[in-house]
Amino acid sequence: MQLKPISQQVVAIVGASSGIGREAALQFAQRGAKVVVAARSQPGLDSLVTEIQRTGGDAIAVVADVADMQQVQAIADKAVERYGRLDTWVHAAATGVLARFEQITPEEFQRVIDVNLMGQVYGAKAALPYLRREGRGALIHISSMEGRRSLPLQSPYCASKHALQGMLESLRVELQHEGIPISVTSVLPSVINTPYYNKVKTKLGVKPTGIPPYYDPRLVVDAILYVAEHPTRDFIVGDVGRVLDVAQRISPPLIDAVLTVVGIPGQHTTEPESEASPDNVFAPIAAAQGLDRVDGDFGNLVIPSVSDWFAMRSPFAWGAVAGTVAVGALALLANGMLNNSQQP
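Since we're looking at a predicted model, the values are computed, not measured. (Residues numbered from 1 in each chain as written. Predicted model: local features only at pLDDT ≥ 70, side-chain atom pairs only at ≥ 80, totals over all residues. Heavy atoms only, no water.)

Caption draft 1: Region of the structure containing the environment of Phe298. Within the fold, Phe298 resides in the loop between β11 (268–272) and α10 (307–311). The exposure class of Phe298 is buried, given its relative accessible area of 9%. For the pair Phe298 and Thr209, spaced 89 residues apart in sequence, the C-alpha to C-alpha distance is 8.4 Å. With sequence-adjacent residues up to four places away left out, Phe298 is seen in contact with Asn193, Tyr197, Lys207, Pro208, Thr209, Tyr214 and Thr269. (Helix = DSSP H or I, 4+ residues; strand = E, 2+ residues; numbered from the N terminus. Buried < 20%, exposed > 50% of the residue type's maximum accessible area, 1.4 Å probe, protein only. Contact = heavy atoms within 4.5 Å.)

Caption draft 2: Main features of the side chain of Ser143. On the secondary structure map, Ser143 appears in the loop between β6 (137–142) and α5 (155–178). What makes Ser143 buried here is its relative accessible area of 3%. Only 3.1 Å separates the side chain of Ser143 from the side chain of Gln165, close enough to count as a polar contact. Once residues lying within four places of it in the same chain are set aside, the contact partners of Ser143 are Tyr157, Lys161, Leu164, Gln165, Ser186, Val187, Leu188 and Pro189. (Polar contact = N/O pair within 3.5 Å; in protein donor to acceptor, adjacent residues only side chain to side chain.)

Caption draft 3: Spotlight on unusual backbone geometry. Backbone torsion omega between Pro212 and Pro213 reads 10°, so that peptide bond is classified as cis. Position of Pro213 among the secondary structure elements: in the loop between β9 (206–208) and α7 (217–229).

Caption draft 4: Looking closely at a nonpolar patch on the surface. A cluster of nonpolar residues, Val306, Trp309 and Phe310, forms a patch on the protein surface that exposes about 320 Å² of accessible area. Along the chain, Val306 falls in the loop between β11 and α10. Judged by relative accessible area, Val306 falls into the exposed class, the value being 52%. (Patch = residues over 30% accessible without salt bridge, like charges linked within 9 Å, V, L, I, M, F, W, Y side chains within 5 Å. Areas by Shrake-Rupley, 256 points an atom, 1.4 Å probe, with all protein chains shown as cover. Salt bridge = Lys/Arg side-chain N within 4 Å of Asp/Glu carboxyl O.)

Caption draft 5: Spatial organisation of the pattern of salt bridges. With the rule as written, the count across this model stands at 20 salt bridges. For Glu108, the salt bridge goes to Lys203, with nearest N and O atoms at 2.8 Å. Pair noted here: Glu108 is in helix α4 (residues 106–134) and Lys203 is in the loop between β8 (201–202) and β9, with a separation of 95 residues, a long-range link. Take Glu108 and Lys203: they sit in the same class, and that class is buried. It is possible to trace a salt-bridge network through shared partners that takes in Arg148, Glu169, Arg233, Asp234, Asp245 and Arg249.

Caption draft 6: Quick look at the nonpolar core. Ranked by size, the top nonpolar core spans 41 residues in total, and within it Ile13, Phe28, Val35, Val37, Ile140, Ile224 and Phe235 carry the most contacts. Those elements that place two or more of their residues in this core are β1 (10–14), α1 (19–30), β2 (34–39), α2 (42–54), β6, α7 and β10 (234–237). The greatest single-element share of this core, amounting to nine residues, is contributed by α7. Excluding its chain neighbours within four sequence positions, the residues that come into contact with Ile224 are Ile20, Ala24, Phe28, Val90, Ile140, Ile142 and Val187. Ranked by size, the runner-up nonpolar core spans 36 residues in total, among them Ala38, Leu128, Leu168 and Leu171. (Core = buried A, V, L, I, M, F, W, Y, C linked by side-chain atoms within 4.5 Å.)

Coordinates in, geometry out; function isn't part of it.
Okay, structure coming up:
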């Protein structure tokens, strides 16, 4: 399967007003792609299109709520209306509620599923007919390592990402069976420093955080740009994510034990935040909040990742390295827990 060079692509990016989606739009445009950006935030999209056009790029914006199939369909339709075709669909829109399972209302749980899962379903359904018409293309869905290993306090988000993985696996095999040269990629980031934790709803009494360390959102965008030209099944972003993936396969109960200790306190900051604070679960946050940006508030916790470079060049070499590192890490962790349990 051969995909077009990015400079020849028409790319739709959903969830583009901030974070990974915003940086992806900037990078695709910088490399010569024609870009269609979509999100619920009109001001965020307007500022993004202005930024792209200021540097000579070509972009249009479509305001859309991904929980509405007709609005998602309009993104694909307007891309083809403006540029004549669609080559790549990047779906990054997501929301969440950080709270214990019993504190999350059925309506909140359903909304996260509608955005994070059904929004991705609608995106694939809207894009596929146009990709088929072109005879090739790429569906790039931003999932999460929480689609491989769930965390406490994020049950609806984790449920949506696990379900997304299942949907993509089914779709991928169906297209392969037909011999249709459409690449279906799941990008699985580790904890990324975007405004996500500023936007989600929290019932923790404090501002939430991912469990450190964090990675730069540009690492995820590097992966997106790579898979837009190189058909790839799954792409994990971040060393910690790759080690966690292997560790989860080796011993899920051990990861349960670790998360029992660090999973809940590790997602709390010391900054008070009311449950009534603005969030993006049911509506976009006002532009005045200043969250239509790429980076979040945890830049001091960002670390580099080495394995991503290998994954873009030699996935088989990474597999051997990851296995060795994960086994060693698990052995050290198990030994430490054993020693702690034996202390009086």
